[in-house]
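Each chain, written out:
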Amino acid sequence: GDEEELRVEEQKVSVAYGGDVAAAKKAAADEVRSARQELEAREDDLANYELGEHEGRVRSIEDQIAGLGDPMRLKQVEAAKMNSAVPHVGKWVYEQVGGGSKEAAEAKVLGPMLLYLDLPDKGHQKLAVQAFPARTLTSFLARDEGTRDQLQDELKRRGPQTRITVFRNRAKTFSPAPNRPSSADMKRFGVTAWLDEALRIRDDLRGEVLAFLKQQMGVDTYLLATPAAVGKIDALQQFLQQSGMTGVTVLTPERVYRFGRSKYGARAATSSSSLPQRHRHAACFSVVVDTSRKKELEGQLKEARKGLELKRKERQAVERDVGQLQQKLDAAKGRQVELNNNTVRLNRLAARIDQAKKRLDPARESVADFNADAQKEGYRRRLCDAHQRSLDSLQKAAAAVKRHEAALTKLALVRVGLAAAEAQLAEAEGNTDELDERIARLRREAEAAKAEARKAADKVGALVREAKGKAAEFAGRKEAPLSEEAQGVWDALPAGADELEDRIAELEAETSSTSADGNSIKEYERRRKEIEQLKTRVDAAQQAIAAQGGKVAGLEQAWRPALEEMVDRVNQKFGSCMAAFRCAGEVSLSDGRSLDEHGEPAGDDDFEKYKIHIKVKWRDGEQLHVLGEAGRDSGGERSVATMVYLISLQEINPAPFRVVDEINQAMDSTNERIIFKCVTEACKDGGKQYFLLTPKLLPDLDYGEDCAIQLVFNGPHNRRRDQFDLSRFC
């Protein structure tokens, strides 16, 4: 049979070429040789029409024009350096939002913000880089709610790698703080201008752009200063404090100073300084254009492009000829290849038969040796190992969260101790002031008594001298003896002014060396020592708070990125599944911070308040809202969202199966059919299994080969299982 087949094939080849295969081969080779010679000759002509020199001249002139520094182009380049997604989003806004019109696009979206900010002063350009974060410079400002939603939907469609921030600022006018002093009043401190005063913005956009910058980064709180301000920084801080202006940042070429107020106690004024940071966008405000040179180069570019276009047309004509000759050569080669293939088909057929015989025997042996049960057992062990690794990862994450909670508890206790120590310190300082006042009062009383004693002594001396002057006749007369009582009183009195002066000096020394109340001095010393101890405790508590805060931050870095990554994966799956219902959905992580009046997170992060928000939008014209919020979702809608969320969780949840009880009872037929399809699609990757318990299912569902249906028959009127003949129903 094989020999007959080979002869038939040989006869077919011979007949196809007139019985003379050798002559046919020679004719085909001659045809190929002639076509190749014609092609090579025309390709030599093509070498005379090379465009490299002309294209190089055009590119050179274009590069020179670009190098001159078109402000908008340079700013676009700087924005692209900060965020590579900015050019793509800007192009989408220009084409989709503006319909190819720059004016129409600007009427709805401003961005990136760097394009609208200019600083004419070169000194201000270097300082302003320290104030503007890259996130603000590359952000987009939507001028109405609808455009913001449209742009956010596009960013979600592009995926998480497109990290562009979109803001909606309702304020159209800008006004700085009412108590802010003018920059002219602070010129003596080395201040040149407030940052919002130094910025040059289009008049029709100035109020809206500055209002946005004030909300995002406090543009009205930055002062631009010369190096002279470094030596006058304390006086500048005092001046701002007297004006009632706090939260000010002073930017100088050498240092960055920040003024504020303490959050504790008497809210004392605080200040800090740091070296200027190096930023990737350091040159974003430094753009200069040589308009005369640009105009000259544009003329040269126009002439170069004309020459290039003429040369390109001539080359295209030659290329068409080369293409036609190449087709002719390819056709000849094709016929030659076909001839060669037919002549070797017999040899290949015989070789293939031998090779097939050699491959068949080992294949049969391999089939005999194949052990399906061992392969299944191996895959089962690998699945169990993967499941165990997932459980271990979850346990580690849970342990990290527990350590984090313990650190937070310890930090709270330290803060309570610090508050108590500060209260005791304040009380002790108050008591110390009271003791000082008491001692001062006693000293004043001692001084008054001293003065009064001196006056009494002077009066007694004057009376004695007056008496002796009026009764001189009694001066030498012996006085009558006094009674014992009178003599005792007389002896107790000072013998004279000198003795009285000595007594006053003793009292004065006693008053200066001790207080009127010895216990007060002891109490004063005790309180002073207690104040020192409390200060030491306050310092230690503050250090402990800083250390615990560092530990808390470290623990948060251990689990926070992994948690955000899991939420992001669930969000992507949830959004794609909701799109199958022609709806929209989002899963986000809500942290423990409260929202300020602008709806932005602010304050301390309370980990006990973390939650997952499931947001849905069922109809056009609605906004995304939290599922179940204010009872606005029906029972069927809640069931659909819950089931989609459960499906989205399976990529991060290692559970091998899930049990769902009557989830389809509140759904309409369309949603139930889509949910059933989502469940079956989710199980196709393997490793997942769903048990759906329901009293009914829709007819004509596509179950597929991976679904198994279990019908439960029970009750007193049913036949026993041994009497049930399944073959009668199959």
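Computed from a predicted model, the values in this text were never measured in an experiment.

What counts and what doesn't
- Residues numbered from 1 in each chain as written.
- Predicted model: local features only at pLDDT ≥ 70, side-chain atom pairs only at ≥ 80, totals over all residues.
- Heavy atoms only, no water.
- Helix = DSSP H or I, 4+ residues; strand = E, 2+ residues; numbered from the N terminus.
- Pairing = 2+ DSSP bridges.
- Phe/Tyr/Trp six-rings, centres within 6.5 Å; stacked < 30°, edge-to-face > 60°.
- Buried < 20%, exposed > 50% of the residue type's maximum accessible area, 1.4 Å probe, protein only.
- Lys NZ or Arg CZ within 6 Å of the ring centre and 35° of its normal.
- Axes fitted to C-alpha atoms, helices over the stretch in contact; angles between N-to-C directions.
- Core = buried A, V, L, I, M, F, W, Y, C linked by side-chain atoms within 4.5 Å.
- Contact = heavy atoms within 4.5 Å.
- Salt bridge = Lys/Arg side-chain N within 4 Å of Asp/Glu carboxyl O.

Enquirer: Go over the environment of Gly-307, please, and point to the residues and values.
Expert: Inspection of the secondary structure puts Gly-307 in helix α13 (residues 291-369). Along the sequence, Gly-307 and His-54 sit 253 residues apart, while their C-alpha atoms lie 7.3 Å from each other.

Enquirer: Which residues make up the sheet that holds strand β9 (residues 584-590), and what values do they have?
Expert: If you walk across this open sheet you meet the three strands as β9-β12-β13, and the pairing is antiparallel. In the strand order of this sheet, the two ends are held by β9 and β13 (625-626), each with one partner. Sheet topology places β9 next to strand β12 (residues 611-617); seven bridges connect them, and they run antiparallel. In the sheet register, Ser-588 faces β12, and the bridge partner there is His-613.

Enquirer: Explain the packing of aromatic side chains to me, and be specific about the residues and the numbers.
Expert: Within the structure shown, the criterion is met by four aromatic pairs. Here the aromatic rings of Phe-189 and Phe-239 are separated by 5.5 Å at their centres, their planes lie at 45°, and the arrangement is tilted. Of this pair, Phe-189 sits in the loop between β3 (166-168) and β4 (191-194) while Phe-239 is found in helix α12 (residues 233-242), placing the two residues 50 residues apart along the sequence. With relative accessibility at 18%, the residue Phe-239 sits in the buried group. Sitting above the plane of the Trp-194 ring, Arg-180 keeps its charged end 4.4 Å from the centroid.

Enquirer: Provide a residue-level description of the sheet that holds strand β5 (residues 222-225), including the pertinent values.
Expert: Across the sheet, five strands lie side by side as β4-β5-β6-β7-β8; this open sheet has mixed pairing. Each of the sheet's edge strands pairs with one partner strand only, and the pair in question is β4 and β8 (269-274). The sheet shows a mean angle of 20° between the axes of neighbouring strands, direction not considered. When strand β7 (residues 256-261) meets β8, the two strands line up antiparallel, connected through six bridges. Of the residues in β8, the one forming a bridge with Tyr-257 is Ser-273.

Enquirer: Can you break down the nonpolar core residue by residue, with the values?
Expert: Core analysis: the largest hydrophobic core is formed by 49 residues, its most contacted members being Val-93, Leu-117, Phe-132, Leu-195, Leu-199, Leu-213 and Phe-285. Look past the residues within four positions of Leu-195 in its chain and what remains in contact with it is Ala-128, Ala-131, Phe-132, Met-217, Val-219, Tyr-222 and Leu-224. With 26 residues, the next largest nonpolar core counts Tyr-645, Ile-663, Val-679 and Cys-683 among its residues.

Enquirer: Tell me about the pattern of salt bridges, and please be specific about residues and values.
Expert: For the structure on display, the rule yields 24 salt bridges. Between Asp-149 and Arg-148 there is a salt bridge; the shortest N-O distance is 3.6 Å. Taking the relative accessible area as the measure of exposure, Arg-148 reaches 21% and is therefore partly exposed. Arg-312 is the partner of Glu-309 in a salt bridge, and the nearest nitrogen-oxygen pair spans 3.1 Å.

Enquirer: Explain the pairing of strand β14 (residues 657-661) residue by residue, including any values.
Expert: Where burial is concerned, the two faces of β14 differ: the one with Arg-658 and Val-660 is buried and the one with Phe-657, Val-659 and Asp-661 is not. Inspection of the sheet shows β14 paired to strand β15 (residues 689-693) by five bridges, in the parallel sense. Opposite Val-659, over in β15, you have Phe-691 as the bridge partner.

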